[in-house]
Amino acid sequence: MDDSWPGKLLKWFKGNRRDLPWRQNRSIYRVWVSEVMLQQTRVDTVIPYFHRFIEAFPTVSTLAKADQEDVLKFWEGLGYYARARNLHRAAEVVMERFNGVIPDQPELFRQLPGVGPYISAAVMSIACGHAIPVVDGNVLRTVCRIFALEYDIAQPATRKNIAALLAEKIPENKPGEFNEAMMELGATICTPASPGCDGCPIRHNCLAKQKNLVSELPIKSRKRPVPQYRIVVAVITDSSGRMLIQKRPENGLLGGLWEFPGGKVEKGETLPDALKRECMEELAVKVKVGKEITTIRHAYTHFKILLTAFYCTITSGTLTSYLPFRWAKMEDIASLPFPKANHKILPALREIKIEVE
DNA sequence: AATTCGGGGGC
DNA sequence: GCCCCAGAATT
């Protein structure tokens, strides 16, 4: 019998394992894709994306051959688009440097774009049997409670400390199951608010429970408040009703996605003046700012926006931009990767078009 | 070590 | 509203 908590945890996991899509066929590719999607994203959110992505790109080879824009379209709405760009590039690296075979050694796999300490440990343990502990948000919280650790989980160093601690506990013969069990416990029982200690398989091993510190742990330092920005965008239509959209730079926020031209309103600037300035800066044209279309709110991770869209008409100049731009019909937009904040404009756009006609 | 990266769900 | 989520890359 195994009375240590890892033993109890594994036994519990055997009988309480959720049947998730990426647990049905454990190829390295499928586990890898799932872990990239699961980064900072809930299981329930990922499931439909995983099915669609695997159907479209069933192998690393098909992914490597795909256009980045198509990969981004399958990622649309999932956020953190660098994950998709890095996964796509990594697939190309696998084809070019590894003869199309995803490396099963941690030192090699870890070097692929978008593969950090967590994804490396997760894929290498779950799909390849390497005894490397994962440290995600669930594990940070759960371990701090099991050992009543008053670490600040917002500090990067805490991840290293907990990884070192778990390296002593992870069973050599079942590393993947142990890692999944730790995360499963954190996701379903040892939750951030009101954890289900009564149903916890290792409650008798939990120091936080013994010391009545469960609701106090883990400790996390707070981040600074997020700023709000005022944004304006232009809906410029040509004679046949198509709209001008442009592609964002490859890197940075929403990299590689399409959107309506526009930008931040500067201090002391009116909304129309800001829009005229942005159109001149980005597209080298003078515009007349017409009817207001709609105003929407949207929250990103570290700032919020209040965005107003206006119909605009080009009065002079020749469209010029260092970024790709194109005229798009509504159905074109539907087939391109388009950020959520811009999607929020579209319903109001349809209504006004009907009015005009 | 701190910042920058989405979007949704729970409370 | 705020918090968190199967984190990585950049500075």
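These notes cover the structure that comes with them. Here the structure is a predicted model, which means the values were calculated and not measured. (Residues numbered from 1 in each chain as written. Chains lettered and ligands numbered in written order. Predicted model: local features only at pLDDT ≥ 70, side-chain atom pairs only at ≥ 80, totals over all residues. Heavy atoms only, no water.)

Some thoughts on the packing of helix H1 (residues 5-16) against helix H11 (residues 175-188)
Then, in step 1: At a closest axis distance of 9 Å, the pairing of H1 and H11 adopts a crossing angle of 75 degrees. Judged on the interaxial angle alone, H11 and H1 are roughly perpendicular. Between H1, through Trp5, Pro6, Leu9, Leu10, Trp12, Phe13 and Asn16, and H11, the contact on the second element is made entirely by Glu177, Phe178, Glu180, Ala181, Met182, Glu184, Leu185 and Thr188.
Then, in step 2: Of the residues contributing to the contact of H1 with H11, the split by class is ten nonpolar, two polar and three charged. (Axes fitted to C-alpha atoms, helices over the stretch in contact; angles between N-to-C directions. Helix = DSSP H or I, 4+ residues; strand = E, 2+ residues; numbered from the N terminus. Parallel < 35°, antiparallel > 145°, perpendicular 65-115°, else oblique. Contact = heavy atoms within 4.5 Å. Nonpolar A, V, L, I, M, F, W, Y, C, P; charged D, E, K, R; others polar.)

Some thoughts on the packing of aromatic side chains
Each pair of aromatic rings is reported with the distance of its centres and the angle of its planes.
Then, in step 1: Under the defined criterion, the tally for this structure stands at ten aromatic pairs.
Then, in step 2: Ring centres 5.0 Å apart and planes at 65 degrees place the aromatic pair Phe53 and Phe57 in the edge-to-face group. In this structure, Phe53 and Phe57 share a single accessibility class: buried.
Then, in step 3: An aromatic cluster of three or more residues is present, and its members are Phe53, Phe57, Phe74 and Trp75.
Then, in step 4: Directly above the ring of Tyr49 sits Arg52, whose terminal nitrogen or CZ lies 4.8 Å from the centroid. (Phe/Tyr/Trp six-rings, centres within 6.5 Å; stacked < 30°, edge-to-face > 60°. Buried < 20%, exposed > 50% of the residue type's maximum accessible area, 1.4 Å probe, protein only. Lys NZ or Arg CZ within 6 Å of the ring centre and 35° of its normal.)

Structural notes on the protein's contact with DNA strand B
Then, in step 1: DNA strand B sits among 20 residues. The nearest are Thr41, Arg224, Leu254, His298 and Thr301.
Then, in step 2: Among the atoms of DNA strand B close to the protein, meaning within 4 Å, 63% are from sugar or phosphate groups.
Then, in step 3: Here a base nitrogen of DNA strand B and a side-chain polar atom of Thr41 are 2.9 Å apart.
Then, in step 4: Here a base nitrogen of DNA strand B and a backbone polar atom of Leu78 are 3.0 Å apart. (Near = heavy atom within 4 Å. Polar contact = N/O pair within 3.5 Å; in protein donor to acceptor, adjacent residues only side chain to side chain.)

Quick word on the pairing of strand S5 (residues 285-299)
Regular strands show a simple pattern: their side chains alternate between the two faces of the sheet.
Then, in step 1: For S5 and strand S6 (residues 304-317), the ladder comprises twelve bridges, and the chain directions are antiparallel. Residue Ala299 lies in a different strand from S6, and its bridge partner there is Lys304.
Then, in step 2: Hairpin connection, S5 to S6: the antiparallel pair is bridged by four residues. (Pairing = 2+ DSSP bridges.)

Let's talk about the sheet that holds strand S3 (residues 258-259)
Then, in step 1: With antiparallel pairing, three strands are arranged side by side in an open sheet as S3-S2-S7. The sheet terminates laterally at S3 and strand S7 (325-328), the two strands that pair on one side only.
Then, in step 2: As paired strands, strand S2 (residues 243-247) and S7 are joined by four bridges and run antiparallel to one another. Across the sheet, residue Gln246 finds its bridge partner in S7, namely Phe325.

Overview of the protein's contact with DNA strand C
Then, in step 1: The environment of DNA strand C is formed by 26 residues, the closest being Gln40, Arg42, Gly114, Asp136 and Arg141.
Then, in step 2: Within 4 Å of the protein, the contacting atoms of DNA strand C are drawn from sugar and phosphate to the extent of 66%.
Then, in step 3: Contact between DNA strand C and Arg42: a base oxygen at 2.6 Å from a side-chain N or O atom of the residue.
Then, in step 4: One of the side-chain nitrogen or oxygen atoms of Asp136 is found 2.5 Å away from a sugar or linking oxygen of DNA strand C.
Then, in step 5: Of the residues belonging to the surface near DNA strand C, the class tally is eleven nonpolar, seven polar and eight charged.

Without other data, these values stay purely geometric and don't point to any function.
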